[in-house]
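# Structural characterization, general
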Amino acid sequence: MEYDASSPKSPGMIPSHDRPVLRLDSPLCRGQAHGKVILLGEHAVVYGAPAVALSVPDAICRAVALPSRLGGSGLMRFRFRSASTSAVQVTEQAQPELSALVDDLLERAADRHVQAVDIVMRSSFPAGRGLGSSAACARAAAEALNVLLDLSLSPAGIHDVVQRAENRTHGRASGIDTYATGSPGLLVLDKGRTRTPAVGRQAWVVIADSGTVSSTRQAVEMLRTRFVQAPGSRRAFLEASEALTVNGLHALAEGDLNRLGMRLNDAHALLQPLGLVTHAVQELIDAALAAGALGAKMTGGGLGGCAIALTDTAARADAVAARLRRNGAEHIWRVPLVREEHRS
Ligand code: MEV
């Protein structure tokens, strides 16, 4: 597949002789990462409480990096194309965090011949929906640059680069998005350590995009201010979140999906009074429960973005997805808790 990085929306921005024509299927200088949802524990995880994330393998961000023919230094040209069912968005303005990531990796490069790079990215899922787009894009770019600049970064080295970008993007990031966008399936982050939780019974998570942009940075800051203004509220929030995440993990291990669904509802009830749930997301949650979901909640930073719902069968997931589509969801993803290839 050939990809012409010139933008049809901004003719003349890039002189035609300088248009990078990239092969997205090239084995070289390519990176890729997937999105994620948080099942339990968002926001509390920023303060060290446990949280559970699930990767979304069909939400993929791909990056290609190449030496820039424009000269100069740093990130010279950038193109990001993200798709949802309703719209394709194209931007040629890189986020400062991505430019900083590029500068960071260029400084480490032994091969000083490459001082300026172009990056083209394509994402199958929209940014700003609590699906881990910033971490997935940073990871895809870091992997592509790792090859281009011959850095030989280990997975831990890539993790550090992505986490630095995440801290710049969100102000203070727990690291769960950094981990979850680079590992398959379910993941628990607890006091800085990750593990794979036990799953007693297969289940499906339906993810519905409300179509409204959410800012994790704003949401995290909003909670921090709230906790400062109301002493004791932070501790109460963290204790409640930890208790229901731990209980949810036991339910998951025991295959008690009804109880796990209740913990999702409890998590939503904990986050909702904090002002993180928009009307559109609440409508999706109500619709999912009416369609027979075992539990439903907001996911990620909140202030827009996506709702998630738990179901016990693929058929129920289809029914919930159909209802959510009728209720205005812009995009739906269905993810089994355990993928067939990982089942023992
Ligand atoms: C974002 O996916 C989850 C938050 O808890 C932020 C973080 O953990 O960095 C809201």
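Residues numbered from 1 in each chain as written. Predicted model: local features only at pLDDT ≥ 70, side-chain atom pairs only at ≥ 80, totals over all residues. Heavy atoms only, no water.

### Comments concerning helix α5 (residues 216-229)
When the terminal C-alpha atoms of α5 are compared, their 20 Å separation across 14 residues agrees well with the 20 Å that a helix rising 1.5 Å per residue should span. The complete set of buried residues in α5 reads A219, V220, L223 and F227. Looking straight down α5, one finds that the buried residues subtend no more than 95 degrees of arc, so they occupy a single side. Among the exposed residues of α5, those pointing more than 90 degrees away from its buried face are V228 and Q229. In the core, the buried residues of α5 are packed alongside α6 (233-254). (Helix = DSSP H or I, 4+ residues; strand = E, 2+ residues; numbered from the N terminus. Expected span 1.5 Å × (residues − 1). Buried < 20%, exposed > 50% of the residue type's maximum accessible area, 1.4 Å probe, protein only. Arc of directions from axis to C-beta. Contact = heavy atoms within 4.5 Å.)

### Looking at the confidence of the model for the protein chain
With 88% of its residues at a pLDDT of at least 70, the protein chain reaches an overall mean of 90. Across residues 1-27, where pLDDT falls below 50, the model places 54 contacts with residues more than four positions away in sequence or in other chains. (pLDDT = per-residue confidence, 0-100.)

### Overview of the site of the ligand
The environment of the ligand is made up of K36, I38, E42, H43, V45, V46, A173, S174, I176, D177, G300 and G301. Side-chain polar atom of D177 to an oxygen atom of the ligand: 2.9 Å apart, as the coordinates give it. Its free accessible area being 290 Å², the ligand has 98% of it covered by the protein chains. When residues of the shell around the ligand are traced back to their parent elements, those giving at least two are β3 (30-40) and α4 (176-180). Per-class residue counts for the shell around the ligand are five nonpolar, four polar and three charged. (Near = heavy atom within 4 Å. Polar contact = N/O pair within 3.5 Å; in protein donor to acceptor, adjacent residues only side chain to side chain. Areas by Shrake-Rupley, 256 points an atom, 1.4 Å probe, with all protein chains shown as cover. Nonpolar A, V, L, I, M, F, W, Y, C, P; charged D, E, K, R; others polar.)

### Here's the deal with helix α8 (residues 279-290)
With twelve residues, α8 extends 16 Å between its outermost C-alpha atoms, agreeing within 8% with the 16 Å of an ideal straight helix rising 1.5 Å per residue. Looking only at α8, the buried set comprises V281, L284, I285, A287 and A288. In an axial view of α8, the angular spread of the buried residues amounts to 165 degrees, which keeps them on one side of the axis. Opposite the packed face of α8, turned more than 90 degrees from it, sit the exposed residues H279 and A290. Buried positions along α8 lie against β10 (204-209), α7 (257-271), β11 (295-298), β12 (306-311) and α9 (314-326).

### Points about the pairing of β12
Burial analysis of β12 places six of its six residues in the buried class, the great majority of the element. On β12, burial covers both faces: C306, I308 and L310 on one face and A307, A309 and T311 on the other are all buried. Relative to β12, β10 runs antiparallel, the two sharing six bridges. Within the sheet, the bridge partner assigned to D209 lies in β12 and is C306. Pairing analysis gives four bridges linking β11 to β12, with the strands arranged antiparallel. Within β12, the residue paired with G295 across the bridge is L310. (Pairing = 2+ DSSP bridges.)

### Thoughts on the environment of G211
With respect to the element layout, G211 can be found in the loop between β10 and α5. G211 gets classed as partly exposed once you look at its relative accessible area, which sits at 23%. Once the C-alpha coordinates of G211 and C306 are considered, the two residues, 95 residues apart in sequence, prove to be 7.9 Å apart. With residues up to four places along the chain from it excluded, the contact list for G211 reads R129, G305 and E330.

### Regarding the side chain of H268
With respect to the helices, strands and loops of the structure, H268 is situated in helix α7. By relative accessible area, which is 8% here, H268 ends up buried. Dropping the residues within four chain positions of it, H268 is found in contact with V277, Q282, I285, A296, K297 and M298.

### A look at the pattern of salt bridges
Taken as a whole and assessed by the stated rule, the structure comprises 15 salt bridges. Between R108 and D104 there is a salt bridge, and its shortest N-O distance comes to 3.4 Å. Remark: D104 and R108 occur in helix α1 (residues 96-108); sequence separation between them is four residues, near one turn of the helix. Between K191 and D190 there is a salt bridge, with its nearest N and O atoms 3.3 Å apart. We classify K191 as exposed; its relative accessible area is 57%. Taken together, the shared-partner salt bridges in this structure form one network comprising D104, R108 and R164. (Salt bridge = Lys/Arg side-chain N within 4 Å of Asp/Glu carboxyl O.)

### Digging into the sheet that holds β11
The strand order across the open sheet built from four strands is β11-β12-β10-β13, with neighbouring strands paired in antiparallel fashion. One side of each edge strand has no neighbouring strand; the edge strands of this open sheet are β11 and β13 (331-336). Strand-to-strand, the axes of this sheet are offset by a mean angle of 20 degrees, without reference to chain direction. Of the strand pairs in this sheet, β10 and β13 are connected by six bridges, and their pairing is antiparallel. Paired with D209 across the strands is H331, a residue of β13. The sheet contacts of α7 involve β11 and β12, and relative to β11 the element is tilted by about 30 degrees. (Axes fitted to C-alpha atoms, helices over the stretch in contact; angles between N-to-C directions.)

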